[in-house]
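In case you want the letters, here they are:
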Amino acid sequence: MNEISKVIPATKPDDWATDQEVRWCPGCGDYAILKAVQRALPELGVEPHNTVFISGIGCSSRFPYYMETYGFHTIHGRAPTIATGVKLANPKLDVWLVTGDGDGLSIGGNHMLHLVRRNIDCQVLLFNNEIYGLTKGQYSPTSRPGTRSPTSPTGSLEQPVKPCAFAIGAGGRFVARTIDTAQKHMPEILKRAHAHKGTSFIEIYQNCVVYNDGVFDAFTEKKSAPQTQILLEHGKPMLFANGTRGLKLNRETLRLEVVDVVEGDASQLIVHDETNKAVANMLIDMPFGEFPVALGVIYCDPASSFDEAMQAQEQQLTAGKSADFAALLRRGQSWEVKAEAGR
Amino acid sequence: MATAAKVPDEPHGPSSGGTSHEVVHRDSVVVRFAGDSGDGMQLTGGQFTLSTALAGNDLATFPDFPAEIRAPQGTLFGVSAFQINFGSTRIETAGDQPDVLIAMNPAALKTNLPALRQGGLIIADTGEFSERNLKKARYEANPLEDGSLSAWQLLAFDISKQTLESVKPFGLGNKDALRCKNMWTLGLALWMFGRPRGPIVEWLSAKFAKSEVLRDANIAALNAGHAFGETAELAGPLKQFSLAAAEVEPGLYRTISGADAIALGLVAGAKLSGLPMFFGGYPITPASAILHALARLREFDVTTFQAEDEIAAIGAAIGAAWAGSLAVTSSSGPGIALKGEAMGLAVMTELPLVIVNSQRGGPSTGLPTKTEQSDLYQAVYGRNGDAPMPVIAARSPADCFEVAIEACRLALKYMSPVMLLTDGYIANAAEPWRVPDDGSFTPFPAKFREDVPEDGRFNPFTRDPETLGRQWVKPGTPGLMHRIGGIEKGFASGNIDYSPENHQKMTDTRKAKIDGIARDIPAQAVEVGNDHGPLVVVGWGSTYGPIRQAVELARSKGHDVAHVHIRHIWPLPANLGELLKRYQRVLVPEMNTGQLKTLLRDQYLVDAQPLNKVSGQPFRIAEIEAAIEGMLAQ
């Protein structure tokens with residue numbers, strides 16, 4: 001993110017939209033995400049020309065064409081590498097990375113690992129729809145076992161990767177989760193992500209209306225949402241179901257449990273501490289059904305970013321050193337051949 | 001007379017004192033140091049090179065080492081060798097055949113003997129010719145004793161024992177003491193060729209600054225080897241050689257390897273363009289040396305980034321190019337293959353990028369430490385789609401400096417990735433380099449668009465009418481926000497455009513842009529010989545030295561043969577086709593199975609004939625000379 005050192009002219013969501021016709025399928029969750037991002041940006045106090053959106057390949061990766069910022073639609077899986085180069089070359093830029101489950105965790109899994117490990121200061125929006133959309137519906141690394149698709153007509157056999165578990169495992173310092181249609185929740189998460197220095201990893205459950213419609217309905221439907229979602233807030237007890245249920249840590253088994261909250265007594269519940277990595281892992285790993293889905297900032301424990309460390313080292317190393325190119329060329333042992341007759 | 005900048009503590013040339021030895025006057029000598037990969041032969045060779053350069057000789061070197069870091073001791077595949085050709089004449093190659101072979105063990109003798117000139121001198125350490133080592137080298141009898149070396153002059157004595165005695169006062173363990181063998185040997189070699197010890201002593205003092213004992217022991221071994229030559233009552237083969245300093249252009253000289261010259265050339269390119277440099281790399285032999293060199297040059301506004309893989313290295317470089325840096329990535333063949341898709345992205349988004357390929361033997365992992373020039377097709381054609389890219393090649397270690405600057409210039413002027421080809425031989429070999437004057441190169445300042453068009457609509461693919469290079473805008477510039485990507489884009493706007501006529505127009509434009517570079521590069525000159533005649537030998541890259549020498553030898557015998565050396569591989573110089581057609585025959589020696597040959601046939605319909613070598617070793621002059629004579633005899 002940017003240091004705010006001058007008055008930034010106010011913007012409206014429309015100022016962040018290009019004149020390009022949006023080409024996602026009607027009803028695609030990507031529209032909602034685009035809207036939420038364009039709503040969040042005016043509240044961040046940033047300028048379009050200092051903002052960069054970088055994407056890979058896939059439906060989600062068309063995102064930069066619709067943002068009136070600098071944008072780079074790169075190649076499949078490689079957006080983290082290009083983002084790294086942009087940030088190292090110009091740390092003042094505010095870098096956003098848009099990717100999907102196939103782009104970010106399959107073909108680009110290695111780069112995502114290293115982006116997160118290095119803690120490059122940027123925001124990663126991983127649109128997870130558990131399917132390859134743009135290539136017409138093959139199962140993806142986040143698809144649930146048994147997913148029927150053109151490449152798994154009798155059901156997929158692979159275990160899925162959990163994006164947030166991957167991010168924490170890679171050493172991520174900011175891991176959050178939200179839903180495409182959560183138009184109030186998502187901008188808040190985006191703001192938190194932007195305020196965080198280092199890689200902010202956000203998994204966004206995104207509904208693919210064509211190839212995987214309704215795959216998240218069990219917890220995204222408005223009616224049942226209070227029962228199936230737990231919205232995490234730092235420093236607050238982990239309550240859901242309109243305050244009637246909550247999460248407790250069983251201190252003997254070291255596992256989470258869902259308990260009823262009687263007469264508002266939340267004293268037995270865990271209080272969400274964003275810096276607690278062990279609990280973060282448990283929240284990500286909770287099997288849905290028995291547990292609700294954890295949404296919000298699951299883990300946030302800032303540490304120095306690679307770009308920041310690199311700048312600091314550079315300043316330290318080059319302080320007082322002059323860049324004498326002529327001397328560099330002569331470095332090492334040299335000898336003079338003189339122009340003398342009879343030489 | 002050439003004088004060393006750092007005056008050594010003793011006179012140059014064969015010594016006058018001590019036991020008198022025969023002194024042989026020679027124009028040039030080829031020496032090969034060979035030993036176990038743990039024996040420090042590369043170090044010995046490197047120091048001998050420095051000392052030779054300081055003595056004013058021209059030189060070329062050929063380090064030849066195994067891919068294994070510490071191969072099992074005494075084995076044939078663990079032999080590491082360093083060859084140097086030096087003399088008072090112009091030296092272009094590391095020499096066809098060594099005159100002197102210093103063999104530190106039986107395996108080194110066995111693997112290097114075939115290269116030794118008939119009648120040449122073998123210096124062997126008898127201390128290492130034990131039964132066990134002989135067996136490891138697959139010798140049934142001791143070659144030092146069975147007369148099998150009668151075609152050569154043999155000087156065998158116990159270097160190991162001599163070394164142990166010389167370092168005795170320092171109380172080193174046997175293992176550490178024996179590690180001084182290379183310095184003892186170097187001392188002897190310095191004596192043989194009348195080289196000063198001063199610079200080596202200086203270097204040892206710096207290297208072992210933290211251990212006085214090791215410093216003193218190594219210096220003692222060096223002095224003992226020198227004294228051995230001076231005083232030993234050795235009849236026969238041990239002679240001193242006298243070589244006059246070479247006739248070279250006046251100026252300040254240093255030795256330089258290809259990898260270091262590329263690093264310096266890139267820094268120069270960044271300086272001439274006024275840009276910070278971003279270098280993305282991933283460890284790979286023999287390209288890593290460039291990354292190592294640049295990682296130490298942060299004060300020159302150089303950012304180096306060791307990426308997680310080859311793709312990330314070029315990806316980060318592309319990101320940095322977009323952000324306004326002079327971006328560079330570097331690798332060797334297998335790594336370049338991995339970068340292929342990203343190179344296409346740089347072609348498509350029209351961003352400046354220098355890609356250095358230090359070629360090695362292929363395919364696949366191939367021969368990591370051996371040289372080859374078999375990535376020409378990959379450089380010119382190796383991307384999906386019609387993805388033209390300029391390709392230029394360095395011919396020698398010192399040439400790398402200029403070629404690197406040229407790569408930067410082309411990349412920035414034409415907003416294009418540029419492939420710079422070098423190879424394992426050039427990367428590792430060293431030669432004297434005349435340090436250019438700061439200011440001897442024309443600056444090519446990078447231009448960024450910053451003004452906002454009156455109608456507020458900025459088209460990032462607006463082109464320079466002359467070069468067809470597009471405008472470069474740094475993200476962060478107010479009012480010029482735009483999107484680029486790998487998907488086909490509208491001719492000016494850069495927005496997605498799949499329309500048939502637009503793709504045709506964009507493909508044609510990308511091609512025309514690169515083709516147009518032919519107008520911006522020097523016309524092809526003839527290196528040696530006439531601009532017409534019965535035969536021209538056409539080369540590129542590191543075959544320059546042996547081709548040039550072979551052509552000169554053939555010409556000295558009265559043959560009408562010319563040498564054309566191509567630096568710009570793609571696009572080729574505008575006059576090349578017309579030039580080649582003025583010769584009756586075209587011979588193309590290459591360390592591949594005929595890649596430039598195919599390119600020339602394709603571009604000009606000339607009957608280019610190949611001469612191919614893919615043994616991991618550079619061409620010998622004699623091999624090319626034989627081909628020249630063969631062709632002329634047809």
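Our subject is the structure that appears above.
Residues numbered from 1 in each chain as written. Chains lettered and ligands numbered in written order. Predicted model: local features only at pLDDT ≥ 70, side-chain atom pairs only at ≥ 80, totals over all residues. Heavy atoms only, no water.

## Things to note about the overall build of chain A
Inclusion rule: Under the DSSP-based scheme used, a helix requires at least four consecutive residues in state H or I and a strand at least two consecutive residues in state E, with every element numbered from the N terminus. Each residue is placed in one exposure class: buried if its accessible area under a 1.4 Å probe, protein chains only, is under 20% of its type's maximum, exposed if it is over 50%, and partly exposed if it falls in between. Using a 1.4 Å probe, the Shrake-Rupley method yields the accessible areas, and only the shown protein chains count as cover for residues.
When you go through chain A residue by residue, the secondary structure sums to 11 helices and 12 strands. By principal-axis analysis of the C-alpha atoms, chain A measures approximately 105 × 45 × 45 Å. Here chain A, with 343 residues, has 55% of them falling under the buried criterion. Accessible area for chain A stands at about 14,800 Å²; split by element, carbon and sulfur atoms hold 52% of it.

## Some details on the interface of chain A and chain B
How big an interface is tends to be stated in terms of the accessible area lost upon association of its parts. Put simply, the rule reads: Every residue pair with non-hydrogen atoms within 4.5 Å of one another is taken to be in contact. Two parts placed together each lose some accessible area under a 1.4 Å probe, and the buried area is that loss summed for both. Any Lys or Arg side-chain nitrogen located within 4 Å of an Asp or Glu carboxyl oxygen qualifies as a salt bridge. Whenever a nitrogen or oxygen atom comes within 3.5 Å of another N or O atom, the pair is scored as a polar contact, on the condition that within protein one atom can donate a hydrogen and the other can accept it, and that pairs from neighbouring residues in sequence are kept only if both atoms are in side chains. Any two strands with at least two DSSP bridges between them are considered paired.
Every contact between the two is made by 61 residues of chain A and, on the other side, 81 residues of chain B. Note on chain A versus chain B: buried area summed over both sides is about 6,100 Å², and carbon and sulfur give 60% of it. On inspection of chain A and its partner chain B, the count reaches 6 salt bridges. Here Lys321(A) and Glu299(B) are joined by a salt bridge, their closest N and O atoms 3.9 Å apart. Where chain A touches chain B, the interface holds 25 residue pairs in polar contact (both at pLDDT 80 or more). Listing elements by their share of the side of chain A that touches chain B, those giving two or more residues are strand S1 (51-55), strand S2 (70-73), helix H2 (79-89), helix H4 (109-118), helix H10 (306-318), helix H11 (325-330) and strand S12 (334-337) of chain A. The element contributing the most residues to the side of chain A that touches chain B is H2(A), with 7 residues. Taken together, the 3 bridges between S2(A) and strand S18 (residues 483-485) of chain B define a ladder with parallel strand orientation. When the sheet's bridge partners are listed, Gly71(A) is paired in S18(B) with Arg483(B).

## Describing the pattern of salt bridges
Residues and elements named next belong to chain B. Using the criterion set out here, one finds 47 salt bridges over all chains in the structure. Here Glu 310 ties to Lys 339 by a salt bridge, and the two come within 2.9 Å at their closest N and O atoms. Placement of the pair is Glu 310 in helix H11 (residues 310-322) and Lys 339 in the loop between helix H12 (333-338) and helix H13 (340-349), with a sequence separation of 29 residues. Pair check on accessibility: Glu 310 and Lys 339 agree, each one buried. Note that Arg 449 is salt-bridged to Asp 451, the shortest N-O span being 3.3 Å.

## What to know about the pairing of S2(A)
Residues and elements named next belong to chain A. Neither face of S2 is open: one carries Tyr 70 and Phe 72, the other Gly 71 and His 73, and all of them are buried. Alignment of S1 against S2, held across 4 bridges, turns out to be parallel. By the bridge assignment for S2, Val 52 is matched with Tyr 70.

## Observations regarding the environment of Gly361(B)
Residue and element names in this part refer to chain B. Position of Gly 361 relative to the elements: it lies in the loop between strand S14 (353-359) and helix H14 (376-381). Taking the C-alpha atoms as reference points, Gly 361 and Ser 374, separated by 13 residues in sequence, lie 7.3 Å from one another. When residues no more than four places from it in sequence are discounted, the contact partners of Gly 361 are Gly 366, Leu 367, Lys 370, Thr 371 and Glu 372.

## Focus: the packing of aromatic side chains
Inclusion rule: Paired rings are identified among Phe, Tyr and Trp, the last through its six-membered ring, by centres lying within 6.5 Å, and are further divided according to the angle between planes into stacked (under 30 degrees), edge-to-face (over 60) and tilted (the rest). Any Lys NZ or Arg CZ that is within 6 Å of a ring centre and within 35 degrees of that ring's normal is treated as a charge sitting over the ring.
Evaluation of the coordinates by the stated rule reveals 28 aromatic pairs over all chains. Considering the side-chain rings of Trp24(A) and Tyr31(A), the 5.8 Å spacing of their centres and the 80° angle between planes classify their relative orientation as edge-to-face. Using a relative accessible area of 7% as the deciding quantity, one classes Trp24(A) as buried. You can call Tyr31(A) partly exposed: its relative accessible area is 32%. An aromatic cluster is built from Trp24(A), Tyr31(A), Phe53(A), Phe63(A), Tyr66(A), Trp96(A) and Phe127(A), whose rings are joined through pairwise contacts. The ring of Phe461(B) has Arg470(B) lying over it, and the distance from NZ or CZ to the ring centre is 4.6 Å. Here Lys505(B) stacks its cationic end above the ring of Phe491(B), 3.9 Å away from the centre of that ring.

## Digging into the packing of helix H6 (residues 181-192) of chain B against helix H7 (residues 198-207) of chain B
All names here are of chain B. What counts is decided by this rule: Simply put, an axis is a line fit to the C-alpha atoms, just over the touching stretch for a helix, and the angle between two N-to-C directions goes from 0 to 180 degrees. Any angle that falls under 35 degrees is termed roughly parallel, while one over 145 is termed roughly antiparallel, one within 65 to 115 roughly perpendicular, and all others oblique. Left-handed describes a crossing whose near helix is turned anticlockwise from the far helix through less than a right angle; right-handed describes the clockwise counterpart.
Two numbers describe how H6 lies on H7: the axes approach to 11 Å, and their chain directions differ by 160°. Regarding the angle of H6 to H7, the classification is roughly antiparallel. Regarding H6 and H7, the two cross each other, and that crossing is right-handed. Only Ile 200, Trp 203 and Leu 204 of H7 make contact with H6, whose side of the interface consists of Met 183, Leu 186 and Leu 190.

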